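Analysis of the macromolecular model
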Amino acid sequence: LRDMTSWNHTVVTYFQFIAFSSIPGIQGSLFFLVLLMYLSALVGNILIIVITMVDAALHSPMYFFLKNLSFLEIGYTTSTIPKMLVNFLTKRKGISFLGCATQMYAFSLLGITECCLLAAMAYDRYVAICHPLRYTTVMSWNMCFLLSAVSWLIGVLLALGQTTFIFTLPYCGPNRINHFFCDLLPLLKLACADTFKNEIAIYIIGVLFIMVPFLLIVTSYVQILHTIFKMPSVGGKRKTFSTCSSHLVVVTLFYGSGIVTYLRPKDFYSSSSNKLLSLSYTLMSPMMNPLIYCLRNKEVKQALKK
């Protein structure tokens, strides 16, 4: 903490993370478990990127979006987990004010972009299944690049505004974050000001850029399921559904924990449960996604065999 002569209080120049677990002697075990999961997530997503670039059979809009998703997952996980691993091994589990702002910006950018990209992937599956004759026309490469660019643009602008909104608040007292990274809600609890407007802004952003893409995904899958149920052949139904089942599982994993974390009422907020939920979408989802696509997708399995 640094004294400022122009203020009657001190200004926080660094934050300190509270240990992930209060159980003594478990930090080493947690370090190796999280490290193993992190390396698995990196290897799996890098593998997805490589095979979608190398195998000509996977040069389609569906796998273009999957490659983008894997790239997002690598950055999303790397924005939080390496710092968490370092904190397992050090006594002073701190991060500078600027470092905290940078971490929040990167995490928010990649998370919001992923929400939008998952919606774009659902739209791709909707066009492929419900309007197959128009698929190559609608989902041209220009459209794919446009959907991807819009997802990134929304993430960049929204994360910038959100991070600025949080870090222009005064932080003058406690500097201990009850979390393993610089997340929105734990930081708001440390601000030396009324954060009601900030909390409302977070919920509005959550509704607009978490729930709206989620509702678009739900709408797409309602239309997809309606089309599948009208198919006369059981084999055709199974084959068609298999082309989007992997994406549906990924959406469920990502949105399930994200919605519970950021859109649940404040009265139900718990630091311990929030850490576990955050770990599920910052590490579990990126680790599981490559496995889901490799195990459930026939084209990816064939590319892996090659």
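From a predicted model like this one, the values you see are computed outputs, not experimental measurements.

1. Let's talk about the UniProt feature "transmembrane region" (unreviewed entry) in the chain
This chain's UniProt record puts "transmembrane region" (unreviewed entry) on residues 14–39, 104–123, 144–167, 200–224, 245–264 and 276–295. Spanning residues 104–123, this segment combines 100% helix with 0% strand, and its end C-alpha atoms are found 29 Å apart. Taken end to end, residues 200–224 comprises 100% helix and 0% strand; its first and last C-alpha atoms sit 35 Å apart.

2. Concerning the pattern of salt bridges
Under the definition given, this model contains one salt bridge. For the salt bridge of Arg125 with Asp124, the shortest nitrogen-to-oxygen distance reads 3.0 Å. Here Arg125 matches Asp124 in class, with each residue buried.

3. Regarding a positive patch on the surface
A grouping of Lys239, Lys298, Lys301 and Lys305 is seen on the molecular surface, where their side chains present a positively charged patch. Sorting elements by how many residues they give to the positive patch places helix 11 (residues 298–305) first, with three residues. Within the secondary structure, Lys305 is located in helix 11.

4. As for the sheet that holds strand 5 (residues 176–177)
The strand order across the open sheet formed by three strands is 4-3-5, and the pairing between neighbours is mixed. Of all the strands in the sheet, just strand 4 (94–96) and strand 5 have a single pairing partner and so form its edges. One ladder, built from three bridges, connects strand 3 (residues 14–17) with strand 4; its direction is antiparallel. Counted as the bridge partner of Tyr14 is Ser96 from strand 4.

5. A few points about the environment of Leu190
With respect to the element layout, Leu190 can be found in the loop between helix 7 (184–188) and helix 8 (196–229). The buried category is assigned to Leu190, whose relative accessible area is 10%. Contact partners of Leu190, with chain neighbours within four places excluded, come to Phe15, Tyr171, Pro174, Asn175, Arg176 and Ile177.

6. Looking at empty space enclosed by the protein
All told, the structure shown has four cavities of 30 Å³ or more when counted by the stated rule. Empty space within the second largest cavity amounts to approximately 90 Å³. The wall of the second largest cavity is formed by Phe17, Ile18, Ala19, Phe20, Gln27, Met84, Asn87, Phe88, Lys93, His179 and Phe180. Examining the composition of the lining of the second largest cavity, we find that three residues originate from one element, helix 3 (residues 81–89), more than from any other. Of the residues in the lining of the second largest cavity, the class split is seven nonpolar, three polar and one charged.

Cut-off values and rules
- Residues numbered from 1 in each chain as written.
- Predicted model: local features only at pLDDT ≥ 70, side-chain atom pairs only at ≥ 80, totals over all residues.
- Heavy atoms only, no water.
- UniProt positions renumbered as here; feature names shortened; annotations may be inferred.
- Helix = DSSP H or I, 4+ residues; strand = E, 2+ residues; numbered from the N terminus.
- Salt bridge = Lys/Arg side-chain N within 4 Å of Asp/Glu carboxyl O.
- Buried < 20%, exposed > 50% of the residue type's maximum accessible area, 1.4 Å probe, protein only.
- Patch = residues over 30% accessible without salt bridge, like charges linked within 9 Å, V, L, I, M, F, W, Y side chains within 5 Å.
- Areas by Shrake-Rupley, 256 points an atom, 1.4 Å probe, with all protein chains shown as cover.
- Lys, Arg positive; Asp, Glu negative; His and termini not counted.
- Charge placed at Lys NZ, Arg CZ, Asp CG, Glu CD.
- Pairing = 2+ DSSP bridges.
- Contact = heavy atoms within 4.5 Å.
- 1 Å grid on protein atoms, 1.4 Å probe; cavity = no way out; pocket = protein on both sides within 12 Å on 5 of 7 lines; lining within 4 Å.
- Points joined across faces, edges and corners; volume = space filled by probe spheres on them.
- Nonpolar A, V, L, I, M, F, W, Y, C, P; charged D, E, K, R; others polar.

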